Amino acid sequence: MLIANGVQPAPAVEAGAAAQPGPGRWLVRTAVYLCGTVVVVLVAIVAGADYYTRTECTEDGDCLAVLGGFVWGAVAVLACGLAVLVIEIGLWRRRRRKTAEVGGG
């Protein structure tokens, strides 16, 4: 995240011009989304495997609990993708509203 923050320059503002809301630090947001998704997926895999180990596995160790954990991880990827989409739409609408207020103001 620090590298992403250092690589992406801040939005340029002309001298004497009113500051308009720009696209923001999209590279930093992308890094945060990616790190958050990885953490959620790992937790979902462990939780799913643990759940299926406790509920479906027999004592002799014949079990596909890890496969169930990976299914939970795949569902977590979809859920995180949906959450990112909702967050980005909200940010886009807020930027659009602020631009309209500054421009039409």
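Residues numbered from 1 in each chain as written. Predicted model: local features only at pLDDT ≥ 70, side-chain atom pairs only at ≥ 80, totals over all residues. Heavy atoms only, no water.

S.K.: Before we move on, could you go through the overall build of the protein chain and cite the residues and values that matter?
M.R.: Scanning the protein chain from terminus to terminus reveals three helices and zero strands. Moving toward the C terminus, one meets the helices and strands of the protein chain in the order α-α-α. Sorting the 105 residues of the protein chain into buried and exposed places 18% on the buried side. For the protein chain, the share of sequence-separated contacts (at least 6 apart) that also reach a separation of at least 24 residues comes to 56%. Of the roughly 7,900 Å² of accessible surface on the protein chain, a fraction of 68% belongs to carbon and sulfur atoms. (Helix = DSSP H or I, 4+ residues; strand = E, 2+ residues; numbered from the N terminus. Buried < 20%, exposed > 50% of the residue type's maximum accessible area, 1.4 Å probe, protein only. Contact = heavy atoms within 4.5 Å. Areas by Shrake-Rupley, 256 points an atom, 1.4 Å probe, with all protein chains shown as cover.)

S.K.: Give me the pattern of salt bridges: which residues, what numbers.
M.R.: Side-chain pairs of opposite charge can arise where the charged atoms are in close proximity. Here the structure, examined in full by the defined rule, presents two salt bridges. Here Arg 29 ties to Glu 88 by a salt bridge, and the two come within 2.9 Å at their closest N and O atoms. Of this pair, Arg 29 sits in helix H2 (residues 26-55) while Glu 88 is found in helix H3 (residues 65-104), placing the two residues 59 residues apart along the sequence. What makes Glu 88 partly exposed here is its relative accessible area of 22%. For Asp 50, the salt bridge goes to Arg 54, with nearest N and O atoms at 3.2 Å. Placement of both Asp 50 and Arg 54 in helix H2 is noted, with a separation of four residues, approximately one turn of the helix. With relative accessibility at 38%, the residue Asp 50 sits in the partly exposed group. (Salt bridge = Lys/Arg side-chain N within 4 Å of Asp/Glu carboxyl O.)

S.K.: Quick rundown of the packing of aromatic side chains? Include the residues and the values.
M.R.: In this structure the tally under the stated criterion is three aromatic pairs. On the numbers, 5.6 Å between centres and 25° between planes, the contact of Tyr 51 with Trp 72 is stacked. Here the residue Tyr 51 occupies a position in helix H2, and Trp 72 occupies one in helix H3, the gap between them amounting to 21 residues. Ring geometry for Tyr 52 versus Trp 72: centroids 6.0 Å apart, planes at 70°, classification edge-to-face. Of this pair, Tyr 52 sits in helix H2 while Trp 72 sits in helix H3; the two residues are 20 residues apart in sequence, bridging distant segments of the chain. (Phe/Tyr/Trp six-rings, centres within 6.5 Å; stacked < 30°, edge-to-face > 60°.)

S.K.: Quick rundown of H2? Include the residues and the values.
M.R.: With 30 residues, H2 should reach 44 Å at 1.5 Å per residue; the first-to-last C-alpha distance of 42 Å fits that figure. For H2, the full list of buried residues reads Val 28, Arg 29, Ala 31, Tyr 33, Thr 37, Val 41, Ala 44, Ile 45, Gly 48 and Ala 49. (Expected span 1.5 Å × (residues − 1).)

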